[in-house]
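# Structural features, examined
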Amino acid sequence: MDSKENKNSFSARLEQFISGRGYYVVLAVCAVVIAVSVWSLLRTPEQDKAGSTASTVIAPVPVDVPAVSPSEDPAPAEPTEPSAQPTQAPVQPEEETSVGLVDAVETASQEAFVIPVNGTVQRPYSITALAFDETMQDWRTHDGVDIEAPAGEKVSAITSGTVTNVFFDDRYGTTVTIDHGNGLECSYAGLQEVPTVYVGDTVAPGDTIGAVGKTCKSETAQGAHLHLSAKLNGESVSPLDYLPALG
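Here we summarise the structure given alongside this text.

With that settled, the discussion passes to the environment of Gly 181. The residue Gly 181 is located in strand E7 (residues 173–181) in this model. Its relative accessible area of 28% is what places Gly 181 among the partly exposed residues. Spatially, the C-alpha atoms of Gly 181 and Thr 162 are 8.4 Å apart, while their sequence positions differ by 19 residues.

Pasting the structure below:
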């Protein structure tokens, strides 16, 4: 009976409390509980540690790098050799024999020189031996070669060169001198009075420089002919050494 009476007494007092100022107390407690719940939900993880203000740092993933001594240079990478390409052995030129070389020189020499006039050798070159001179009727040296040809027959340069002189000689008549280069100089004498070239003209092998005449007074007994003389580095030489065969 006593416990039943006690329960009834506690209920009565509780109702009195709630109906009085207790209602406001309960309401305040509920507000505090709600505030605490909201604060707990809004808290950040960093605030869980009391008094801690350090931020979280993400550490990089460690990579194993071999240590290199400051005094040691890293070994250079081995160069990659290119793939071997097949090469063709160079073709070795055939060696020319000395005979073949001489033939080639002689052929080139013959191709570079031409006969100056169509005719036959009337009087040969003779600088070391005496030859009979029909005009002077005596024996004397002859510093050129006389080529018999009809008057008016064209006379050509035996090779390329430059005309250095055009003049009339008391002994050999109208004369044209040509520097053919490499120390060779030729004089074409016994020409007609008026040649076809002038000093300074350049000529090629076979170019016409004049015509056969009868102006060579020292050789008038021989009739119309070309008197051709040559000098190599100032020394008299036979023109036939440079010309193709003449009749």
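This part is about the pattern of salt bridges. Pairing between side chains of opposite charge can happen when the charged atoms of each approach one another. By the definition in use, this model includes four salt bridges. A salt bridge links Arg 123 to Asp 133; the shortest N-O distance between them is 3.5 Å. Of this pair, Arg 123 sits in strand E1 (residues 120–123) while Asp 133 sits in strand E2 (residues 126–133), placing them 10 residues apart in sequence. There is no split in this pair, since Arg 123 and Asp 133 are both buried. Here Arg 123 ties to Glu 219 by a salt bridge, and the two come within 3.9 Å at their closest N and O atoms.

Under the counting rule described, the total for this entry stands at two aromatic pairs. Consider the rings of Phe 113 and Tyr 242, whose centres lie 5.5 Å apart with planes at 45°: the pair is tilted. Taken together, the residues Phe 113 in the loop between helix H2 (98–112) and E1 and Tyr 242 in the segment after strand E12 (235–237) connect sequence positions 129 residues apart.

Residue placement: Lys 154 occurs in strand E5 (residues 154–156). Counting along the chain gives 53 residues from Lys 154 to Asp 207, while the straight-line C-alpha distance between them is 9.6 Å.

Analysis parameters
- Residue indices follow the written sequence of each chain, beginning from 1 at its first position.
- Only residues with pLDDT of 70 or above have their local features reported here, since the model is predicted, and side-chain atom pairs are shown and tallied only from 80 upward, although totals for entire chains, interfaces and linings are computed over all residues.
- Calculated side-chain values reflect all of the structure's heavy atoms, with hydrogen atoms and water omitted.
- Starting at the N terminus, helices and strands are each numbered in turn, a helix being any DSSP run of H or I of at least four residues and a strand any DSSP run of E of at least two.
- A 1.4 Å probe rolled over the protein chains alone gives each residue an accessible area, and that area as a share of the maximum for its type sets the label: buried under 20%, exposed over 50%, partly exposed in between.
- Basic side-chain nitrogens of Lys or Arg form a salt bridge, by our definition, when they fall within 4 Å of a carboxyl oxygen of Asp or Glu.
- Ring pairs shown here join Phe, Tyr and Trp side chains whose ring centres sit within 6.5 Å, with only the six-membered ring taken for Trp; geometry is labelled stacked below 30 degrees between planes, edge-to-face above 60, and tilted in between.

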